[in-house]
Amino acid sequence: MECRIKRHIRPPTRCRKIQIYAGRRTAPGSRRRAAKIKPRPYLDEFRQQNGKIFPDILGRLSGNVEAHLKIGSIQLPGLQLDDMETYLHADKDHIALSRFKSGLYGGHTEGGISIANTRPATYRLQQNASNIQIQPLLQDLFGFHSFSGNGDAVIDLTASGENRKQLIRSLQGSLSLNISNGAWHGIDMDSILKNGLSGKISGSTPFYRFTLNSEISDGISRHIDTELFSDSLYVTSNGYTNLDTQELSEDVLIRNAVHPKNKPIPLKITGTVDKPSITVDYGRLTGGINSRKEKQKILEDTLLEQWQWLKPKEP
């Protein structure tokens with residue numbers, strides 16, 4: 001890892017260069033690669049500074065710090081980056097990692113990361129990740145694990161705060177996911193369509209493709225036209241998730257992928273990510289019919305229409 005510190009001295013056109021390897025100075029002009037770095041002790045020290053994570057030493061700089069970093073492995077709380085390479089620029093106002101690239105969750109990511117020396121600190125994360133494991137990404141970013149599978153993620157997030165809760169509540173930006181061969185955990189949509197809501201609801205819904213484009217404002221993620229494709233289902237969804245409280249509201253439409261002309265089943269999902277509550281959206285299903293008996297009859301007929309192809313033909 002090579003690090004150059006530029007500090008203006010008299011005359012201002014001159015600068016001082018220092019080479020640093022894993023926290024130690026080395027001879028000027030040498031180039032070395034850090035094999036492994038564990039920054040947890042430094043992060044713990046920063047957290048003890050009343051939540052201030054921007055290093056005080058940078059706040060006292062009169063010049064800039066510039067570095068080309070190559071690190072074989074870096075371990076962060078709940079996260080490991082492999083074969084990381086980036087260009088660092090830092091001064092008393094900000095830290096920026098540009099042209100950032102690294103192995104991540106079994107795949108690869110490129111982009112940028114920055115921290116502004118505000119009170120509290122402001123963070124910006126911009127990453128294009130490909131062929132990664134999606135579940136640990138969502139767990140580390142937002143603390144939930146509803147979706148699994150491998151795929152691509154485009155992340156552009158800004159947050160400000162002194163702890164995780166403040167960061168989540170202040171989140172602004174966007175998130176796009178394109179997942180293959182995974183599952184939506186917590187809801188068994190196949191069972192719902194086969195047996196109605198009286199049968200098994202919890203479980204998982206496997207899919208071969210899932211796409212989501214979300215806009216995030218003040219910690220609330222809103223999306224439209226989210227799509228799930230499986231051998232038996234085609235599901236669309238509109239709604240929102242409060243990333244702080246984990247509360248959600250989803251308007252879901254489930255279609256029979258084998259017989260797409262069959263009448264779809266509209267569902268309403270509320271509650272929390274871990275304990276969703278699922279009801280049939282009778283307003284969309286029955287078109288204003290008020291009789292409970294008529295509603296139930298329409299639901300039964302629709303379920304029968306959706307799944308009669310599964311029943312063996314009578315001889």
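Our structure is the block above this text.
Summarised in this report is the structure supplied together with it. Because the structure is predicted, anything quoted here is derived from the model rather than measured.

## Here's the deal with the overall build of the protein
(1) Moving on: Scanning the protein for helices and strands turns up seven helices and 16 strands.
(2) Moving on: Across the 315 residues that make up the protein, the buried fraction comes to 41%.
(3) Moving on: A fraction of 44% describes how many contacts in the protein between residues 6 or more apart in sequence connect residues 24 or more apart.
(4) Moving on: For the protein, the accessible area works out to roughly 17500 Å², and carbon and sulfur atoms hold 51% of it.

## Comments concerning the environment of Asp152
(1) Moving on: Summarising the element assignment, Asp152 is placed in strand S9 (residues 147-160).
(2) Moving on: The spacing of Asp152 and Gln133 is 19 residues in sequence and 8.7 Å in space, taken between C-alpha atoms.
(3) Moving on: In contact with Asp152, not counting residues within four places along its chain, are Ala129, Ser130, Asn131, Ile134, Ser176, Leu177 and Asn178.
(4) Moving on: Engagement of the side chain of Asp152 in a polar contact is seen with the backbone nitrogen of Asn131, the distance being 3.0 Å.

## A word on unusual backbone geometry
(1) Moving on: Here the bond from Arg119 into Pro120 is cis, since omega is 0°, no more than 30 degrees from zero.
(2) Moving on: Here Pro120 is to be found in the loop between strand S7 (107-116) and strand S8 (122-133).
(3) Moving on: A positive phi is found at Asp225, a non-glycine position, where the angle reads about 55°.
(4) Moving on: Here Asp225 shows up in strand S12 (residues 220-229).

## Considerations on the packing of aromatic side chains
(1) Moving on: All chains considered together, the criterion is met by six aromatic pairs.
(2) Moving on: When the centroid spacing of 6.4 Å and the interplanar angle of 35° are considered together, the rings of Tyr208 and Phe229 count as tilted. With Tyr208 in strand S11 (residues 204-217) and Phe229 in strand S12, the pair connects residues that are 21 residues apart, well separated along the chain.
(3) Moving on: For Tyr208, a relative accessible area of 43% gives the class partly exposed.
(4) Moving on: Feature note: the residues Phe147, Trp184, Phe207 and Phe210 constitute an aromatic cluster, connected by ring pairs.

## Structural notes on the pairing of strand S10 (residues 172-185)
(1) Moving on: Judged from the eleven bridges that link them, S9 and S10 form a sheet pairing that is antiparallel. What sits directly across from Asn150, in S10, is Ser180.
(2) Moving on: Pairing of S10 with S11 involves twelve bridges; the strand directions are antiparallel. Looking across to S11, one finds that Trp184 is bridged to Thr205.

## With respect to the side chain of Asn256
(1) Moving on: If you trace the backbone, Asn256 turns up in strand S14 (residues 248-256).
(2) Moving on: For Asn256, a relative accessible area of 1% puts it in the buried group.
(3) Moving on: At 2.9 Å, the side chain of Asn256 forms a polar contact with the backbone nitrogen of Val258.
(4) Moving on: Within the structure, Asn256 has its side chain in polar contact with the backbone nitrogen of His259 (distance 3.0 Å).

## Here we look at the pattern of salt bridges
(1) Moving on: Evaluated as defined, the whole model comprises seven salt bridges.
(2) Moving on: Between Arg119 and Glu162 there is a salt bridge whose closest N-O contact spans 3.5 Å. Of this pair, Arg119 sits in the loop between S7 and S8 while Glu162 sits in the loop between S9 and helix H4 (164-169); the two residues are 43 residues apart in sequence, bridging distant segments of the chain.
(3) Moving on: We classify Arg119 as exposed; its relative accessible area is 53%.
(4) Moving on: Its relative accessible area of 36% is what places Glu162 among the partly exposed residues.

## Brief notes about the environment of Ile192
(1) Moving on: Among the secondary structure elements, Ile192 is positioned in helix H5 (residues 189-195).
(2) Moving on: A relative accessible area of 3% places Ile192 in the buried class.
(3) Moving on: Each C-alpha atom of the pair Ile192 and Ile278 lies 9.6 Å from the other, and the pair is 86 residues apart in sequence.

## Structural notes on the pairing of strand S16 (residues 276-280)
(1) Moving on: Examined bridge by bridge, strand S15 (residues 265-271) and S16 share five bridges and lie antiparallel to one another. Looking across to S16, one finds that Gly271 is bridged to Pro276.
(2) Moving on: What sits between S15 and S16 in their antiparallel hairpin is a turn of four residues.

## A closer look at helix H3 (residues 134-142)
(1) Moving on: Within H3, the full set of buried residues consists of Ile134, Leu137, Leu138 and Phe142. For H3, the angular spread of buried residues about the axis comes to 95°, placing them on one side.
(2) Moving on: The inward-facing, buried residues of H3 abut S8, S9, H4, S10 and S11.
(3) Moving on: Note on H3: the residue one or two positions beyond its end, Gly143, has a positive phi of about 80°.

About the criteria used
- Residues numbered from 1 in each chain as written.
- Predicted model: local features only at pLDDT ≥ 70, side-chain atom pairs only at ≥ 80, totals over all residues.
- Heavy atoms only, no water.
- Helix = DSSP H or I, 4+ residues; strand = E, 2+ residues; numbered from the N terminus.
- Buried < 20%, exposed > 50% of the residue type's maximum accessible area, 1.4 Å probe, protein only.
- Contact = heavy atoms within 4.5 Å.
- Areas by Shrake-Rupley, 256 points an atom, 1.4 Å probe, with all protein chains shown as cover.
- Polar contact = N/O pair within 3.5 Å; in protein donor to acceptor, adjacent residues only side chain to side chain.
- Phe/Tyr/Trp six-rings, centres within 6.5 Å; stacked < 30°, edge-to-face > 60°.
- Pairing = 2+ DSSP bridges.
- Salt bridge = Lys/Arg side-chain N within 4 Å of Asp/Glu carboxyl O.
- Arc of directions from axis to C-beta.

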